[in-house]
Amino acid sequence: MRNLIFSLILAALFLCSCGSNARKSMVTAEKAYQGVSNYCHSEYDWSIAEDNPSIMGIEMGEETDSAYQVVFRSYTGALVYFYVDKTSGSTRMVESVPALGVENDAGTINLFDYLEK
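Residues numbered from 1 in each chain as written. Predicted model: local features only at pLDDT ≥ 70, side-chain atom pairs only at ≥ 80, totals over all residues. Heavy atoms only, no water.

A.B. asks: Would you explain the environment of Ala67 in this entry?
C.D. replies: Here Ala67 shows up in strand E2 (residues 67-73). Among the residues examined, Ala67 registers a relative accessible area of 17% and is labelled buried. The residues contacting Ala67, other than those within four sequence positions of it, are Glu62, Val84, Asp85 and Lys86. (Helix = DSSP H or I, 4+ residues; strand = E, 2+ residues; numbered from the N terminus. Buried < 20%, exposed > 50% of the residue type's maximum accessible area, 1.4 Å probe, protein only. Contact = heavy atoms within 4.5 Å.)

As structure tokens, then:
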């Protein structure tokens, strides 16, 4: 009887811990890319690139222990760097115009808002 109670308690703890961490541990490089791609396709005008798709694009950047970098390149030459936190999905955006030497914080998004459920 004592073993049964102990087993039930362990099972309950396991199920509770899995549910609270499942969303956090799910950020992969592929999901970071897909979420940023979905965001960029919903927020930026891609019609300009219909005739020449190479003038705009999204690519993976550097990866650290805690974040993925995804880079959006606009037809204007501007870049938007997305820093996706691997554990939370919180994504910080930084806009850069290399030709002018300008870089600005552009806010944050939740990556999970742009992934299909």
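A.B. asks: Sorry if this is basic, but what is going on with the sheet that holds E2 here?
C.D. replies: Hydrogen bonds between backbone atoms are what pair the strands of a sheet, whose relative direction is either parallel or antiparallel. Strand order in the open sheet formed by five strands is E1-E2-E3-E4-E5, and the pairing between neighbours is antiparallel. Pairing within the sheet leaves two strands with one partner each, and these edge strands are strand E1 (57-63) and strand E5 (102-110). Neighbouring strand axes in the sheet, compared pairwise and without regard to direction, differ in orientation by 25 degrees on average. As paired elements, strand E3 (residues 79-85) and strand E4 (residues 90-97) share six bridges and run antiparallel to each other. Looking across to E4, one finds that Val80 is bridged to Glu95. (Pairing = 2+ DSSP bridges. Axes fitted to C-alpha atoms, helices over the stretch in contact; angles between N-to-C directions.)

A.B. asks: Explain the pairing of E2 here, please?
C.D. replies: Consecutive side chains along a regular strand alternate between the two faces of the sheet. For E2, a buried count of six out of seven residues is recorded, marking the element as mostly surrounded by other parts of the structure. Judged from the five bridges that link them, E1 and E2 form a sheet pairing that is antiparallel. Residue Gly57 lies in a different strand from E2, and its bridge partner there is Arg73. What sits between the antiparallel neighbours E1 and E2 is a turn of three residues. Relative to E3, E2 is paired through seven bridges, and the arrangement is antiparallel. Bridge pairing in E3 places Tyr68 opposite Val84.

A.B. asks: Looking at this model, I keep getting lost on the pairing of E3. Mind explaining?
C.D. replies: Buried residues dominate E3, accounting for five of its seven residues. Counting the residues between successive antiparallel strands, the hairpin from E2 to E3 contains five residues, one of them, Gly77, with a positive phi of roughly 95 degrees.

A.B. asks: What is the right way to look at the packing of aromatic side chains in this model?
C.D. replies: Remark: the centre distance and the inter-plane angle together describe each pair of aromatic rings, the angle taken between the planes. By the definition in use, this model includes six aromatic pairs. Where Tyr44 meets Phe72, the ring centres are 4.5 Å apart and the plane angle is 5 degrees; that geometry is what we call stacked. Here Tyr44 is found in the loop between helix H2 (29-43) and E1, whereas its partner Phe72 is found in strand E2, with 28 residues between them in sequence. Classification of Phe72 as buried rests on a relative accessible area of 2%. A ring pair is formed by Tyr81 and Tyr83, whose centres lie 6.5 Å apart and whose planes are at 25 degrees; its orientation type is stacked. An aromatic cluster of at least three residues, connected via ring pairs, comprises Tyr39, Tyr44, Trp46, Phe72, Phe82 and Tyr114. In this arrangement the basic side chain of Lys86 is found over the ring face of Tyr68, its NZ or CZ atom lying 4.8 Å from the centre. (Phe/Tyr/Trp six-rings, centres within 6.5 Å; stacked < 30°, edge-to-face > 60°. Lys NZ or Arg CZ within 6 Å of the ring centre and 35° of its normal.)

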